[in-house]
Amino acid sequence: MTLRPVDGSPGPPWDRGLPGRLERLVVESEVLAGNPLGDPTRRPLYVFVPDGIADGERVPAIYVIQGMTGQLDMFFNRPAFEPTTFEWMCGAFADASVPRALLVFVDAWTRFGGSQFVNSAGTGRYMDYLCDEVVPFVDSRYPTVAQPGARGLTGKSSGGYGAMVVPMMRPDVFGALATHSGDALFEVCYLPDFRESARVLRDRYDGSVERFVEDFETSERFTVSDELLNSYTMALCYSPDEARPGTAVLPFDTATGALRDDVWERWLAWDPVRMVPKHADALAGMRLVYVDAGTSDEYYLDLGAQAFSNALTEHGIEHTLELFEGKHGRITWRYPLAVKALAGALDR
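A short note on the pattern of salt bridges
No. 1: Here the structure, examined in full by the defined rule, presents 21 salt bridges.
No. 2: Across the salt bridge formed by R334 and D292, the nearest N and O atoms sit 2.9 Å from each other. One end of the pair, R334, is in the loop between β10 (320–324) and α12 (335–345); the other, D292, is in strand β9 (residues 289–294), with 42 residues separating them in the sequence.
No. 3: Its relative accessible area of 2% is what places R334 among the buried residues.

This is how it looks when you write it as structure tokens:
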């Protein structure tokens, strides 16, 4: 018996295949040039074009954004016994009854883990990058319907946060949203991290944020506190030090963990739940507002989803809310549900 090479894919579980083509592009951003963290301006951008688009046909586009510490190539990671993120999401179009739409996978990584897809003096202009660079680029290169009602935004966790906030603030670009376990109700999802962050700053860094940052940036392996890294990264987005771009003001006293009310108010202004009243008209104009979360989410983002839903209801905004049995991780199976809902709701 001899081993012989063969052509083609090995098939599942190593390669489940995609019902279309995935194009891996590299783009150079002008908006991110000179960003305060010195992060790369050259970024990956992946576009999935499903089978079944007729010649001359124009279709909607669904933009996909990633969670905290995520980067685009991680969507190829395969958990045990499951499809990859790309296989889950692109696989939605294996069903011929699902209307065709492009999937555009956008990277907004920063060296501290993420940007929350907002413009900030702490990280850079990532909302502008998405809305004013990536979207026009895709519209110029692919057969899209170039109007807000034909564009949706979706993501999980910090990507779910961006999926809520960006369409609220830029309804001229996005006309539908789907959020999975998105950061919301900040006193529930973020506040508990502050006490652990204060302890770590006290015990490992003598209360010095600068020493923490130096440790994080010089360590050869990841050894810092998850809670402290998350608190600092969110501060870069929500309460940057305007006088020192690329740094942040923490919303708690580093010695005691006591809230700094003035800084905390800056954070709360970015809470999707609290943003609903100001942006109710934009939300009311969405073709789809899709919200879900697992009932055992470790960051209690199911409560944030409920609070966001309640705020939407109070302002008469149509939406769907689904709480399902699950935690924060291993919920990638939810992604194609949102893709199908968005594909069906968007203008053609």
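What follows continues from the structure just given.
Points about the pairing of strand β8 (residues 176–180)
No. 1: By the criterion of burial, β8 is predominantly enclosed, with five of the five residues buried.
No. 2: Alternating residues of β8 divide into A176, A178 and H180 and L177 and T179, and every residue in both groups is buried.
No. 3: When strand β7 (residues 151–156) meets β8, the two strands line up parallel, connected through five bridges. Across the sheet, residue G155 finds its bridge partner in β8, namely T179.
No. 4: Considered for its hand, the β-α-β crossover made up of β7, helix α3 (residues 158–169) and β8 is right-handed.
No. 5: With four bridges joining them, β8 and β9 adopt parallel strand pairing. Across the sheet, residue A178 finds its bridge partner in β9, namely Y290.

Observations regarding the sheet that holds β8
No. 1: Strands sit in the order β1-β2-β4-β3-β7-β8-β9-β10 across an open sheet of eight strands; the sheet is mixed. The outermost strands of the open sheet, each flanked by one partner alone, are β1 (20–28) and β10. Averaged over all adjacent pairs, the angle separating strand axes in this sheet is 15 degrees, with direction ignored.
No. 2: When strand β3 (residues 61–65) meets β7, the two strands line up parallel, connected through five bridges. Residue I62 lies in a different strand from β7, and its bridge partner there is G152.

Rules used in this analysis
- Residues numbered from 1 in each chain as written.
- Predicted model: local features only at pLDDT ≥ 70, side-chain atom pairs only at ≥ 80, totals over all residues.
- Heavy atoms only, no water.
- Salt bridge = Lys/Arg side-chain N within 4 Å of Asp/Glu carboxyl O.
- Helix = DSSP H or I, 4+ residues; strand = E, 2+ residues; numbered from the N terminus.
- Buried < 20%, exposed > 50% of the residue type's maximum accessible area, 1.4 Å probe, protein only.
- Pairing = 2+ DSSP bridges.
- Right-handed = clockwise from strand over helix to strand, strands pointing away.
- Axes fitted to C-alpha atoms, helices over the stretch in contact; angles between N-to-C directions.

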